[in-house]
Amino acid sequence: MTARAATSAREPLHVDGEVIATKKAGAYRLLTIAAPGVPARFRPGNFVALTVAGHVARRAFWIHRIKESSAFGPTLDIVVEPRGPGSRWLAAQPTGTRLAVTGPLGRPFALPKEPVSCLLVGEGYAAAVLFPLAERLRERDCAVTLALAGMDEAHLVSTLEARRSARAVTVITADGSVGSRGTVGEQLPDLLRRSNAAVAYAAGPTAVLRDVARAAETCGAWSQAAVEVPGPCGTGLCHGCPLPVLGEDGVPRIVRACTEGPVVRGDRVRWAEL
Amino acid sequence: MTIALGPVMVASGCGGTGRELAPFLDLDGVAFVTRSVTLDARQGASGPRVVEVSGGLVNAVGLPNPGLEHFLATELPWLVRAGARVFVSVAGSTLGEYADLARRLSRAPGVAGLEVNVGAPDETGLDLFEVREPYHAASVVAAVRREFPADRPVLAKLRPDVSRVVEGARACHEAGATAVVLGNTVPAAFPDGRPGGLSGPAVAPVVLRCLTETARSLPGVPLVACGGVHDAASARLFLGAGAVAVQIGTALLHDPTTVARVAAELGDDA
Ligand code: FES
């Protein structure tokens, strides 16, 4: 009985990682992690599961960015919002901390076959997952409109970088501290109309995902939602992350968010049950 | 019958369908206990299904599984092709359902043995056959044993109920269980009061107590320990206390390479 080195380029790895750099980014912490082999397998929408000292359950984080070259080889960035004991612990770790990293995990975003207009809507730290997606879409000549939302300026992810990743950027804050004041829901119809999007991608709290899915459906656009259902493993082993969906056959099912997701078609999720 | 089980097995409900574990563990030759399979498909509980508590996890997953037909058509052949020694965990609402499961699984190619789930933390909520009394657990084992070839093992997985475990193990063994697995999750509650089962490092001392008492009272009964094994030391503790094998569950959710790692470390002892 032996451990095996993943053979397929798509299979996740479980590796000994290390925090290479850590910096404050508003209300969040940006961690750069060396996790040998993981970056090369990454596709936008993937996440990593990290061990947290003294805890049985693992914590999942969106991969925000892959940096190709450093003294440590390719590294990955994650955005951590210190909320519970696990994320607070992680956010407080200094450079040099060793971490068990499993990834990349989960189903990534589906990319359009044609160069079409795409609207990317992200709220809070989860918006981190949209940046590598924006880059991939741009490489495919898609027109990318990025809407970043947060309760205030401190809860926006990488707004400066956003201008490099997208053709048009809209910033929305609940308190109006920067960008326009309001909620994603209020601005969605306008965003969809202005961007003329054929596909809408969403990351953030359930309400945002649901609003984007519904608004997209109303406009005849496809939607892809990066859902977050808490689960202890992130690897598909425990069935602890139920996501209620409607199957292709119209039959309601519960699937595992970490393997059948976390990116799912917005029109397939039974949002009312989340 | 002597059985070659161990020393390290994948515990029921923590190995996914096998495919999710395969990137981290060469399943060839591994004793893999499937999630519990029922005759009809079950959706499982709605969320949250698993909550972290100090020292472990509380779960009420609700036995999600695709039902026997679908399992036989998809999950089982995949596991067999991967070379796993497949122990199918079975659960049912009636004795007839258990018998039916055992009969159909006895004809399925590649089933190394069965594990009868007679220790769910709360069988009523799951609409499972009530097995709180050792006599009832033994009836389930007997019903399965009658339908499953005598030369293949049937394991009985009991709840680690310290006050009844020796009685339960004796009854199940007399009813034909080849080995007794101690234990399942410990009955517990979520912070909001919903019933669930506790697993992880916190339950290891409870399982150890069940194991030592049962091993002392029933020296002839092969025992498999399940609860809180996460490294070679915790495995050795159970093996030293009389277990013929250990099952690894919750630790796989923390580190999916645990089974391979522990097996390698134990192998180094030899
Ligand atoms: S978190 Fe364990 S299966 Fe999804």
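In the nomenclature of an unreviewed UniProt entry, chain B corresponds to Dihydroorotate dehydrogenase from the organism Nocardioides seonyuensis. In the Cofactor (unreviewed entry) part of its UniProt record, chain B is described as follows: "FMN". As its UniProt record puts it under Pathway (unreviewed entry), chain B is described as follows: "Pyrimidine metabolism; UMP biosynthesis via de novo pathway."

Chain A carries the name Dihydroorotate dehydrogenase electron transfer subunit in an unreviewed UniProt entry, which gives Nocardioides seonyuensis as its organism.

Here the focus is the overall build of chain A. Along its length, chain A carries six helices and 16 strands. In terms of C-alpha radius of gyration, chain A reaches 18 Å, essentially the compact-globule figure of 19 Å for 274 residues. Here the C-alpha coordinates of chain A stretch approximately 55 × 45 × 35 Å along the principal axes. Taking all 274 residues of chain A together, the buried fraction comes to 56%. For chain A, the proportion of contacts with a sequence separation of at least 24, taken over those separated by at least 6, is 62%. Summed over its atoms, the accessible surface of chain A is roughly 11,400 Å², and 52% of this surface lies on carbon and sulfur atoms.

So, on to the packing of helix H5 (residues 184-195) of chain A against helix H6 (residues 206-219) of chain A. Residues and elements named next belong to chain A. Packing of H5 against H6 leaves a shortest axis separation of 10 Å and a crossing angle of 30°. The orientation of H5 relative to H6 falls into the category roughly parallel. In the packing of H5 onto H6, the handedness of the crossing is right-handed. Contact residues: H5 offers Val-184, Gly-185, Leu-188 and Leu-192, while H6 offers Val-208, Asp-211, Val-212, Ala-215, Ala-216 and Cys-219.

We now examine the sheet that holds strand S1 (residues 8-10) of chain B. All names here are of chain B. Here we have eight strands rolled up into a closed barrel, ordered S1-S2-S5-S6-S7-S8-S11-S12, and parallel in their pairing. With direction set aside, neighbouring strand axes in the sheet form an average angle of 30°. Pairing geometry for S1 and strand S2 (residues 31-33), over two bridges, is parallel. Along S2, the bridge assignment pairs Val-10 with Phe-32. Sheet strands in contact with helix H3 (residues 134-147) are strand S6 (111-118) and strand S7 (154-158), and its direction is about 160° off that of S6.

In this section: the pattern of salt bridges. All names here are of chain A. Scanning all chains against the criterion turns up 26 salt bridges over all chains. The residue Glu-81 makes a salt bridge to Arg-83 at a minimum N-O spacing of 3.8 Å. Owing to a relative accessible area of 52%, Arg-83 belongs among the exposed residues under this scheme.

Taken residue by residue, the interface counts 39 residues in chain B and 31 residues in chain A. Of the roughly 2,700 Å² buried where chain B meets chain A, counting both sides, 63% is carbon and sulfur surface. The largest contributions to the chain B side of the interface with chain A come from Glu-52, Leu-253 and His-254 of chain B, which together make up 23% of the buried area. Applying the counting criterion to the chain B and chain A interface returns two salt bridges. Note that Glu-20 of chain B and Arg-256 of chain A form a salt bridge whose closest N and O atoms lie 3.0 Å from each other.

Next up on the list: the packing of H3 of chain B against helix H4 (residues 165-174) of chain B. Packed helix pairs are specified by the crossing angle of their axes together with the interaxial distance, meaning the distance between the axes. Residue and element names in this part refer to chain B. Interaxial distance between H3 and H4 falls to 8 Å at its minimum, and their mutual angle equals 30°. By the angle between their directions, the pair H3 and H4 is classed as roughly parallel. Read as a crossing pair, H3 and H4 show a hand that is right-handed. Listed contacts from H4 to Pro-134, Ala-137, Ala-138 and Val-141 of H3 are Glu-167, Gly-168, Ala-171 and Cys-172.

Residues and elements named next belong to chain A. Strand order in the open sheet made by the seven strands is S11-S10-S9-S8-S12-S13-S16, with mixed pairing throughout. Each having just a single partner strand, strand S11 (180-181) and strand S16 (263-265) make up the two edges of the open sheet. In the sheet, strand S8 (residues 117-123) pairs with strand S9 (residues 143-150) via seven bridges, with the strands oriented parallel. Bridge pairing in S9 places Gly-122 opposite Leu-148. The strands that helix H3 (residues 130-139) touches are S8, S9 and strand S12 (199-203); relative to S8, the one it contacts most, it runs at about 170°. Here H6 sits on the sheet in contact with S8, S12 and strand S13 (222-226), set at roughly 170° to S12.

Criteria and thresholds
Residues numbered from 1 in each chain as written. Chains lettered and ligands numbered in written order. Predicted model: local features only at pLDDT ≥ 70, side-chain atom pairs only at ≥ 80, totals over all residues. Heavy atoms only, no water. UniProt positions renumbered as here; feature names shortened; annotations may be inferred. Helix = DSSP H or I, 4+ residues; strand = E, 2+ residues; numbered from the N terminus. Rg over C-alpha atoms; globule rule 2.2 N^0.38 Å. Buried < 20%, exposed > 50% of the residue type's maximum accessible area, 1.4 Å probe, protein only. Contact = heavy atoms within 4.5 Å. Areas by Shrake-Rupley, 256 points an atom, 1.4 Å probe, with all protein chains shown as cover. Axes fitted to C-alpha atoms, helices over the stretch in contact; angles between N-to-C directions. Parallel < 35°, antiparallel > 145°, perpendicular 65-115°, else oblique. Left-handed = near helix turned anticlockwise from the far one by under 90°. Pairing = 2+ DSSP bridges. Salt bridge = Lys/Arg side-chain N within 4 Å of Asp/Glu carboxyl O. Buried area = accessible area lost by both parts, 1.4 Å probe.

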